[in-house]
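Structure assessment
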Amino acid sequence: MQTLKRILAGTFAVTMAFGAAACGSSSTDDSSEYEQQVEVEDTDVIEAIPEGAESELLWLSYFDLNPASGSEEKSTELELFEKKGGTITYEQTTSMTKFDTLAERVLANDVPDMFWYEASMCYPSYCIKGMFQPIDSIVDFEDDLWADVAETAEQFTLKGEHYVAPITYVANSVLTYDKDVIEANALDDPYELYLEGEWDWDAWYDMMEDYVNNAEGDEIRYGVNGWFQDFIFYSTGETIVEYDEENDEYVNNITNANFDRASTLLYNIQKNGLYLSEWIGQTSDCFKENCLFYAMGPWASSTTHTPDEDDNWGMVPMPRDPEADAAYITVETDAYLWIAGSTKSEAMKCWLECAKLANTDESYKEVAKEKFFVTNPYWTEDMYQVAYEEYMSDNWVRIVDPGFGISNTLSNDNAATNDTKEAVISYLYAAVMYTDEDGSQYTWTQLRESYTSTIDSELADFNEEYHEFINSD
């Protein structure tokens, strides 16, 4: 189930980065309103692809960057790219087979040009396997256009060269709630608590517990559904696998004491009946199950899942760890990887700049926002701020989890063979909310003891391959 969540979250991140809200439009009237309200202007900040240079980029992915069939609405970056002489050709694969297809094409010397960055396996694993090439020849992180992501880009370097140029950051998951339900149960508004600096694990748990305990008669209530477990661990500022800069290797951090606290919170949410465990694919369906919070990417509350006129929804960021020294979070990093063997440097440079400008320049960001509100008219400004702006603000410390880029066993949900179809790292973040065959809930101590040797073994193999790459010519 985590695999599906990550795929959907990543796909929606693309949609919002483009401002292409028309993809979920339910009527042709919305499309015409787009054309009346939104216009993408050309810019001289980006140079056109030089005459005579290859201008077509082959995009290997499971989603298209071009408009959906029957739609004329293009993303802001695609419009800019075409104004600069570029085109993108979609070469379709699937989310499950994308890495196999990539490897086959690279080995056959039949390379596409561009691949979507995902936390799972892209970096560092597939970089050191030679699937992608550095971008330093086409991206200058000292340039004003890239300065705001330069620090993050340093977390994606090998042998002093950058492999990922972040375009923007998108919330992987937020907590959506029904304000009318909050008011009816005399609960404090979570977003107001956040603004007052009081939105932490304790406030979140107490609110869910109060709501569930106030059920009357045969009514069954829940506190939360969706994808939130990872973020409780992340809010401590720690990840299960960490990069040790001093020894230049990746290490096992599973014994970190902060994880005992994070796992205890999750354990109690499950133990005390606050968790609705079934998969629910949109916000309104979750609320129909008497669930107070729906934890999911903004995709599950927008476009075809958007609120109706009578809905009164709110959003709040994930709660912070009350003992942490800062508010820590991981976010979806939107980026395009340059496939090894591609020679279309001018077109690739132009596309990256178009994508970055569309998500950096305030006028283009406003275009994307306008497009979004056309098809999501009952969102509020506060919801938009939480979903698409808050995690990018200075209120949060963004961390990268290297555990998703190590090996199939540790990192690749698509290769998992266990019952939950989760790789070890994904599994560990959530497993205290699972039960064994006898119905007993797993403890963090059990999980830590069961998987420590697996993590150590996988990291030993990876570090050997990593050092061979680092020390190669």
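Throughout what follows, the structure given in this document is the object of discussion. (Residues numbered from 1 in each chain as written. Predicted model: local features only at pLDDT ≥ 70, side-chain atom pairs only at ≥ 80, totals over all residues. Heavy atoms only, no water.)

Quick look at helix H11 (residues 258-271)
Over its 14 residues, H11 runs 20 Å from end to end, which matches the ideal 20 Å to within 8%, given 1.5 Å per residue. All buried positions along H11 are accounted for by Phe259, Ala262, Ser263, Leu265, Leu266 and Ile269. The buried residues of H11 occupy an angular sector of 150 degrees when projected down its axis, which confines them to one face. The secondary structure elements touched by the buried residues of H11 are helix H9 (201-213), strand E8 (222-226), helix H10 (229-234), helix H17 (424-430) and helix H18 (444-470). One or two positions beyond H11, positive phi appears at Gly273, with a value near 75 degrees. (Helix = DSSP H or I, 4+ residues; strand = E, 2+ residues; numbered from the N terminus. Expected span 1.5 Å × (residues − 1). Buried < 20%, exposed > 50% of the residue type's maximum accessible area, 1.4 Å probe, protein only. Arc of directions from axis to C-beta. Contact = heavy atoms within 4.5 Å.)

A few points about the environment of Pro319
Relative to the helices and strands, Pro319 is located in the loop between strand E12 (313-316) and strand E13 (328-329). Between the C-alpha atoms of Pro319 and Tyr194, which are 125 residues apart in sequence, the distance is 8.3 Å.

Side note on the sheet that holds E8
On the basis of which strands lie adjacent, the open sheet formed by four strands has the order E8-E11-E7-E12 and mixed pairing. In this open sheet, the two edge strands, each paired with only one partner strand, are E8 and E12. With direction set aside, neighbouring strand axes in the sheet form an average angle of 25 degrees. Here strand E7 (residues 174-178) runs beside strand E11 (residues 291-296); their pairing, made up of three bridges, is antiparallel. Each bridged residue has a counterpart across the sheet, and for Thr176 the counterpart in E11 is Tyr294. The strands touched by H9 within the sheet are E7, E8 and E11, with E11 carrying the most contacts at an inclination of about 140 degrees. (Pairing = 2+ DSSP bridges. Axes fitted to C-alpha atoms, helices over the stretch in contact; angles between N-to-C directions.)

Points about the packing of aromatic side chains
Evaluated as defined, the whole model comprises 41 aromatic pairs. Plain terms: the ring middles of Phe81 and Trp351 are 5.4 Å apart, the flat faces sit at 80 degrees to each other, and that makes the pair edge-to-face. Taken together, the residues Phe81 in helix H3 (residues 76-83) and Trp351 in helix H13 (residues 345-358) connect sequence positions 270 residues apart. Neither residue differs from the other here; Phe81 and Trp351 are each classed as buried. Considering the side-chain rings of Phe115 and Phe132, the 5.6 Å spacing of their centres and the 45 degrees angle between planes classify their relative orientation as tilted. In this pair, Phe115 sits in strand E3 (residues 114-116) while Phe132 sits in the loop between helix H5 (122-128) and helix H6 (150-153), placing the two residues 17 residues apart along the sequence. Just as Phe115 is buried, Phe132 falls in that class too. Feature note: the residues Trp227, Phe231, Phe233, Tyr234, Phe259, Phe404, Tyr429 and Trp444 constitute an aromatic cluster, connected by ring pairs. In this structure, Lys159 packs its charged tip against the face of Phe469, placed 4.7 Å from the ring centre. One cation-aromatic arrangement involves Arg221 over Tyr211; the distance from NZ or CZ to the ring centre is 4.3 Å. (Phe/Tyr/Trp six-rings, centres within 6.5 Å; stacked < 30°, edge-to-face > 60°. Lys NZ or Arg CZ within 6 Å of the ring centre and 35° of its normal.)

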